[in-house]
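Coordinate inspection notes
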Amino acid sequence: MRILVTGGAGFIGSHLIDRLMVEGHQVICLDNFYTGHKRNILKWLNHPYFDLIRHDITEPIRLEVDQIYHLACPASPVHYQYNPVKTIKTNVMGTLNMLGLAKRVKARFLLASTSEVYGDPEVHPQSEEYRGNVNPIGIRSCYDEGKRVAETLAFDYHRQNDVQIRVARIFNTYGPRMLENDGRVVSNFVVQALRGIPLTVYGDGSQTRSFCYVSDLVEGLMRLMNSDHLGPVNLGNPEEYTILQLAQTVQQMINPDLEIQFKPLPQDDPRRRRPDITRAREWLGWQPTLPLKEGLRETIEDFRARLSNPETSLLEPVAPPVADR
Ligand code: NAD
Ligand code: UDP
Ligand code: UDP
């Protein structure tokens, strides 16, 4: 099949491309390199079945494909809040363009949505029926309201234009290739621990998250794309940890003498989050397989190798074009 992956040079997108290429598909990676990097897809650059297009999805583009995995959007709060107007344009105009493309070429379209659509949830764990508790005017809104509109667009293109859609609500995912300065909690703790500096826990660390290893997540995305279910489907690991527990786990795995430093909790930071994955189990026969410690071991090894090599230790993400800020 000819498969388009938007955001394919990013963290999850590049792992997905690895799987699709190994399965023998023709893959087009579309990315503006805002938080993605060429090194993530370097091994495919000369492959005859692989194309890389540097393009910003807020602008239209015409391509011929059978499936679209739509992942383009910065996912870390630090990066999506850096240029919030751009983030919402990417979610709304970018998703509109990709749905317009899917409609024209009759491609199947999978949206990478997020557990953020549940906001600061009053229901625990979160099932797909829960409609969420989202602040429409907060600093996370460009992302979570943006993704809610993206889901609406997907369902409207389905109802109005018969576009085949799939909607995945992805919960916190981690693994090799996250940027060193990604700003999300797993990469922050691992980088801090490897550099021997204090781990920064925001708030008192009692807020919870559930962490899914990237290969498990990619398996879930591919199963959803090739299933008969539109979704939305939660994809995540139901093992829930407090952020302090995560800090202590990383501390024990890398250096038990490291200090844990408490910093202010960011505005609108969700108190707790855990996916109800009954739907994914029943519809897709999917559940995560890798426990946190094993996933962390893989992630730590990847960061260790990158941090010790000045050529692959990228400290700054590529900034968006100045005119767009
Ligand atoms: P990432 O930041 O590593 O990847 C996003 C990619 O999209 C990057 O390569 C970036 O350069 C590209 N991009 C951003 N804006 C673009 C634009 N306007 N045009 C073209 N390309 C653009 O993030 P990730 O963790 O790999 O997340 C991928 C997708 O999964 C995102 O849509 C994110 O919202 C979703 N998601 C991720 C998580 C997670 O925990 N990692 C959780 C929920 C949802
Ligand atoms: N679009 C695109 N590539 C395509 C087809 C459409 O980028 O191959 C864009 C198109 O420019 C438009 C959006 O997708 O901005 C929505 O397209 P649709 O055909 O649904 O709406 P219309 O063009 O009629 O407004
Ligand atoms: N967090 C933290 N220290 C960090 C980065 C994040 O304590 O260095 C906390 C953050 O406040 C949140 C949780 O870890 O409660 C997960 O944050 P992340 O940015 O990874 O994802 P999200 O909040 O989008 O789930």
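A brief structural summary. (Residues numbered from 1 in each chain as written. Chains lettered and ligands numbered in written order. Predicted model: local features only at pLDDT ≥ 70, side-chain atom pairs only at ≥ 80, totals over all residues. Heavy atoms only, no water.)

Residues in contact with ligand 1 amount to 30 residues; listed here are only the nearest, Ile12, Asp31, Thr35, Tyr143 and Thr173. With the chains in place, 97% of the 820 Å² that ligand 1 exposes on its own is no longer accessible. Of all the secondary structure elements, the ones that give two or more residues to the shell around ligand 1 are helix H1 (11-22), strand E5 (108-114) and helix H4 (141-161). The dominant element in the shell around ligand 1, judged by the number of residues it contributes, is E5, at 3 residues. When its residues are assigned to classes, the shell around ligand 1 shows 15 nonpolar, 11 polar and 4 charged. (Near = heavy atom within 4 Å. Areas by Shrake-Rupley, 256 points an atom, 1.4 Å probe, with all protein chains shown as cover. Helix = DSSP H or I, 4+ residues; strand = E, 2+ residues; numbered from the N terminus. Nonpolar A, V, L, I, M, F, W, Y, C, P; charged D, E, K, R; others polar.)

Now for the side chain of Thr58. Of note, Thr58 is situated in the loop between strand E3 (50-54) and strand E4 (67-70). The exposure class assigned to Thr58 is buried, which follows from its relative accessible area of 11%. Side chain to side chain, Thr58 and Asp56 meet in a polar contact 2.8 Å long. Excluding anything up to four places from it in sequence, Thr58 contacts Lys86, Lys89, Thr90, Met93, Gly94 and Asn97. (Buried < 20%, exposed > 50% of the residue type's maximum accessible area, 1.4 Å probe, protein only. Polar contact = N/O pair within 3.5 Å; in protein donor to acceptor, adjacent residues only side chain to side chain. Contact = heavy atoms within 4.5 Å.)

This part takes up the layout of surface pockets. By volume, the second largest pocket amounts to about 180 Å³. Considering the residues around the second largest pocket, the lining is formed by Val117, Tyr118, Glu128, Glu129, Tyr130, Arg131, Arg148, Glu151 and Arg169. Along the lines of polarity and charge, the residues of the lining of the second largest pocket split into 3 nonpolar, no polar and 6 charged. (1 Å grid on protein atoms, 1.4 Å probe; cavity = no way out; pocket = protein on both sides within 12 Å on 5 of 7 lines; lining within 4 Å. Points joined across faces, edges and corners; volume = space filled by probe spheres on them.)

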